[in-house]
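# A structural walkthrough
Spelled out, the chains give:
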Amino acid sequence: MLTAFRIVVGLLFACHCAASLFGVLGGAKGDTVPLGQWPGWWAALIQLIGGTLVLLGVGTRTAALLCSGSMAYAYFTVHQEHALAPLQNGGEPLVMFCWAFLAIAVLGSGPYALDRALTRRSAAGAPAEPAGPTGPTGPAAADAPSTTP
């Protein structure tokens, strides 16, 4: 369930940000953030990358924490000045994304994530540690008490 939650939240967030940047998917309604505009365009780019990383399960905790923080920042700097409650100021999506990403940052990516697959693959391909000598001439023998008179 956690994996499905992460994928859905990451996908919706990436789509939201792609709409802001490129005017695709009908979300921006033709009103995109001007290229290079500070801070809107850069925030949307960071959010698009962060949402995609969360979707794939790569660097999930860090990406989710950055996405959560960016939504909190956007809420308090853009929406809250218009009204106190999210229902009044249009900030409900930001609040929901903020808390969803915070939950993902705390809980992790779930059992099915690209990070886990890559970690398993590299662990499987790593050479085993060579076994050390365990006989009477090995390191353990030097620390053992002598039984010879």
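For the structure, see preceding data.
Residues numbered from 1 in each chain as written. Predicted model: local features only at pLDDT ≥ 70, side-chain atom pairs only at ≥ 80, totals over all residues. Heavy atoms only, no water.

Let us now look at the packing of helix 1 (residues 2–22) against helix 2 (residues 40–56). It is at 8 Å that the axes of helix 1 and helix 2 come closest, and there the two elements cross at 155 degrees. One element, helix 1, and the other, helix 2, form an angle in the roughly antiparallel class. For the pair helix 1 and helix 2, the sense of crossing is left-handed. Counting all contacts with helix 1, which are made through Arg 6, Ile 7, Gly 10, Leu 11, Phe 13, Ala 14, Cys 17, Ala 18, Ser 20, Leu 21 and Phe 22, the residues of helix 2 involved are Trp 41, Ala 44, Leu 45, Gln 47, Leu 48, Gly 51, Thr 52, Val 54, Leu 55 and Leu 56. Tallied by class, the residues present in the contact of helix 1 with helix 2 amount to 15 nonpolar, 5 polar and 1 charged. (Axes fitted to C-alpha atoms, helices over the stretch in contact; angles between N-to-C directions. Helix = DSSP H or I, 4+ residues; strand = E, 2+ residues; numbered from the N terminus. Parallel < 35°, antiparallel > 145°, perpendicular 65-115°, else oblique. Left-handed = near helix turned anticlockwise from the far one by under 90°. Contact = heavy atoms within 4.5 Å. Nonpolar A, V, L, I, M, F, W, Y, C, P; charged D, E, K, R; others polar.)

Attention shifts here to the side chain of Thr 3. By secondary structure assignment, the location of Thr 3 is in helix 1. Its relative accessible area of 8% is what places Thr 3 among the buried residues. If we skip the residues at most four places from it in the chain, Thr 3 touches Ser 109, Gly 110, Pro 111 and Tyr 112. (Buried < 20%, exposed > 50% of the residue type's maximum accessible area, 1.4 Å probe, protein only.)

To continue, consider the packing of helix 3 (residues 60–79) against helix 5 (residues 92–107). Running from amino to carboxyl end, helix 3 crosses helix 5 at an angle of 155 degrees, the nearest separation of the two axes being 8 Å. The orientation of helix 3 with respect to helix 5, classified from their angle, is roughly antiparallel. Taken as a pair, helix 3 and helix 5 cross one another with a handedness that is left-handed. Mapping the contact onto sequence places Thr 60, Arg 61, Ala 64, Leu 65, Cys 67, Ser 68, Met 71, Ala 72, Ala 74, Tyr 75 and His 79 in helix 3 and Leu 94, Val 95, Phe 97, Cys 98, Phe 101, Leu 102, Ile 104, Ala 105, Val 106 and Leu 107 in helix 5. In the contact of helix 3 with helix 5, the residues fall into 17 nonpolar, 3 polar and 1 charged.

You can see Trp 99 is positioned in helix 5. For the pair formed by Trp 99 and Ser 68, sequence separation is 31 residues and the distance between their alpha carbons is 6.7 Å.

Turning our eyes to something else, we now look at the nonpolar core. Within the largest apolar cluster, 24 residues are counted, with the highest numbers of intra-cluster contacts made by Phe 13 and Phe 101. Listing elements by their share of this core, those giving two or more residues are helix 1, helix 2, helix 3 and helix 5. Examining the composition of this core, we find that 7 residues originate from one element, helix 5, more than from any other. (Core = buried A, V, L, I, M, F, W, Y, C linked by side-chain atoms within 4.5 Å.)

It is generally the case that most residues other than glycine have a negative phi and that most peptide bonds are trans. Here Trp 38 and Pro 39 are connected by a cis peptide whose omega angle stands at -5 degrees. By the secondary structure assignment, Pro 39 is in the loop between helix 1 and helix 2.

Right, let's talk about the environment of Ile 104 for a bit. Positionally, Ile 104 belongs in helix 5. For Ile 104, a relative accessible area of 0% translates into the label buried. The spacing of Ile 104 and Thr 62 is 42 residues in sequence and 9.7 Å in space, taken between C-alpha atoms. If we ignore the near neighbours within four places in the chain, the residues touching Ile 104 are Phe 5, Arg 6, Val 9, Val 54, Thr 60, Arg 61 and Ala 64.

Taking 1.5 Å of rise per residue, 16 residues should cover 22 Å, and helix 5 covers 22 Å from first to last C-alpha, within 8% of that figure. Of the surrounding elements, those touching the buried residues of helix 5 are helix 1, helix 2 and helix 3. (Expected span 1.5 Å × (residues − 1).)

This part takes up helix 6 (residues 114–125). With 12 residues, helix 6 extends 17 Å between its outermost C-alpha atoms, agreeing within 8% with the 16 Å of an ideal straight helix rising 1.5 Å per residue. The element helix 6 is barely covered by neighbouring structure, given that only 0 of its 12 residues are classed as buried.

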